[in-house]
Amino acid sequence: MAELQEVQITEEKPLLPGQTPEVAKEAELAARVLLDQGQTHSVETPYGSVTFTVYGTPKPKRPAILTYHDVGLNYKSCFQPLFQFGDMQEIIQNFVRVHVDAPGMEEGAPVFPLGYQYPSLDQLADMIPCILQYLNFSTIIGVGVGAGAYVLSRYALTHPDTVEGLVLINIDPNAKGWMDWAAHKLTGLTSSISEMILGHLFSQEELSGNSELIQKYRNIIAHAPNLDNIELYWNSYNNRRDLNFERGGDITLKCPVMLVVGDQAPHEDAVVECNSKLDPTQTSFLKMADSGGQPQLTQPGKLTEAFKYFLQGMGYMASSCMTRLSRSRTASLTSAASVDGNRSRSRTLSQSSESGTLPSGPPGHTMEVSC
């Protein structure tokens, strides 16, 4: 009789009784999709209900990344191209994310009744502690665009101990002056709300070019079922108070800040002015070429790379592997250091758009980076 040989077969992922490999694969895919979709919650605050979506699970000793969108958008239309970008996955695997929708801006939101008093931007900022308390999160890194950047800045001023860092895109920290109000009123006589908001989001060059991106967002805003709600958020933004930032004064952001604006964007001057008012030892200024009014939509790759350096500067993701961009960046900074020597704290580094270099200089420097 031939000798029998014993063969050990180990099943790495045992199937449930009666479950075929095809069914198991479908179940795993469904669980993965559910995780990718996030978990949406609503919480009551003194100023009404606010909706937010959480992705991932809290990481020990790490803050949550909390985003706040601009007028005319919600968290998906404002941030999805950025957070779904391939290189961003390395970041989001290391942090839990909380995407906040301003009241009435979430998908499927009912239209507020006539006469509803929409919260001011200051009150929107005062809703954030309710969100963090609900989730039992102690600290955040905020990422805001436009009105959302203002809201997060206001929150950071009143709750500095809970904010580890801020990425502020297209922030305008100033209240509207009389000339701004007059121009706004005149524009309102000849333009629809949707066109006014588009002019806030994108540059005139972009609007004139009428690219696929512009057509997409024009359609989203003009045909939004909650357009009346969007107008209320728009009015609150236009009635914002001055943040009164003062370099060296008591009113300033205490955490590391990365200011971002597109070259020739509608808010370029406002962001430049904001940069001049913040602590130069805590602030980086990123001016992105070829990005238009919404860098997170048009240049998610460059913004992801800059965000990674920002997090590394805060002591996170130190073991992150260097990419082609970071190698180029290192070479550029080494060359620049040998030539510049000890210049003043405020400096400008110009990098070509083609190379995509996104430098993050040494501590204690406010940098204007054109990339």
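A brief look at the structure comes next. Computed from a prediction, not measured in an experiment: that's the story for all the values here.

## Re the overall build of the protein
- A tally of helices and strands in the protein yields 14 helices and 10 strands.
- Here the analysis covers contacts within the protein between residues at least 6 apart in sequence; of these, 72% occur between residues at least 24 apart.
- Carbon and sulfur atoms make up 52% of the accessible area of the protein, which amounts to about 18700 Å² in all.

## Topic: the pairing of strand β4 (residues 97-101)
- Within β4, five of the five residues are buried, leaving the element largely enclosed by the surrounding structure.
- In β4, alternate side chains face the same way, and those of Arg-97, His-99 and Asp-101 on one face and Val-98 and Val-100 on the other are all buried.
- Of the strand pairs in this sheet, strand β2 (residues 48-55) and β4 are connected by five bridges, and their pairing is antiparallel. Across the sheet, the residue bridging to Val-54 is Val-98, located in β4.
- Relative to β4, strand β3 (residues 64-68) runs parallel, the two being bridged by four bridges.

## A word on the environment of Val-151
- When you line up the elements, Val-151 lands in helix α5 (residues 147-158).
- By relative accessible area, which is 0% here, Val-151 ends up buried.
- Remark: the alpha-carbon pair of Val-151 and Ala-125, spanning 26 residues in sequence, is separated by 5.1 Å.
- Val-151 has contacts with Tyr-68, Leu-121, Leu-124, Ala-125 and Ile-128, leaving out every residue within four places of it along the chain.

## Observations regarding the packing of aromatic side chains
- Summed over all chains, the structure comprises 10 aromatic pairs.
- Considering the side-chain rings of Phe-52 and Tyr-134, the 5.8 Å spacing of their centres and the 75° angle between planes classify their relative orientation as edge-to-face. Of the two residues, Phe-52 is situated in strand β2 and Tyr-134 in helix α4 (residues 121-135); the sequence distance between them amounts to 82 residues.
- Summarising the aromatic geometry, the rings of Tyr-118 and Tyr-233 are spaced 6.2 Å apart at their centres and angled 40° between planes, so their arrangement reads as tilted. In this pair, Tyr-118 sits in the loop between β4 and α4 while Tyr-233 sits in helix α10 (residues 227-238), placing the two residues 115 residues apart along the sequence.
- Here Tyr-118 falls in the buried class, since its relative accessible area comes to 4%.

## What to know about the environment of Leu-121
- Position of Leu-121 relative to the elements: it lies in helix α4.
- C-alpha separation for the pair Leu-121 and Ser-236, spaced 115 residues apart in sequence, amounts to 6.2 Å.
- The contacts of Leu-121, once residues within four sequence positions are left out, are Ala-147, Tyr-150, Val-151, Tyr-233, Ser-236, Tyr-237 and Arg-240.

## Observations concerning the side chain of Ser-77
- Turning to its location among the elements, Ser-77 is positioned in helix α2 (residues 75-83).
- When near neighbours in sequence (up to four residues on either side) are disregarded, Ser-77 contacts Tyr-217 and Leu-297.

Basis of the calculations
Residues numbered from 1 in each chain as written. Predicted model: local features only at pLDDT ≥ 70, side-chain atom pairs only at ≥ 80, totals over all residues. Heavy atoms only, no water. Helix = DSSP H or I, 4+ residues; strand = E, 2+ residues; numbered from the N terminus. Contact = heavy atoms within 4.5 Å. Areas by Shrake-Rupley, 256 points an atom, 1.4 Å probe, with all protein chains shown as cover. Buried < 20%, exposed > 50% of the residue type's maximum accessible area, 1.4 Å probe, protein only. Pairing = 2+ DSSP bridges. Phe/Tyr/Trp six-rings, centres within 6.5 Å; stacked < 30°, edge-to-face > 60°.

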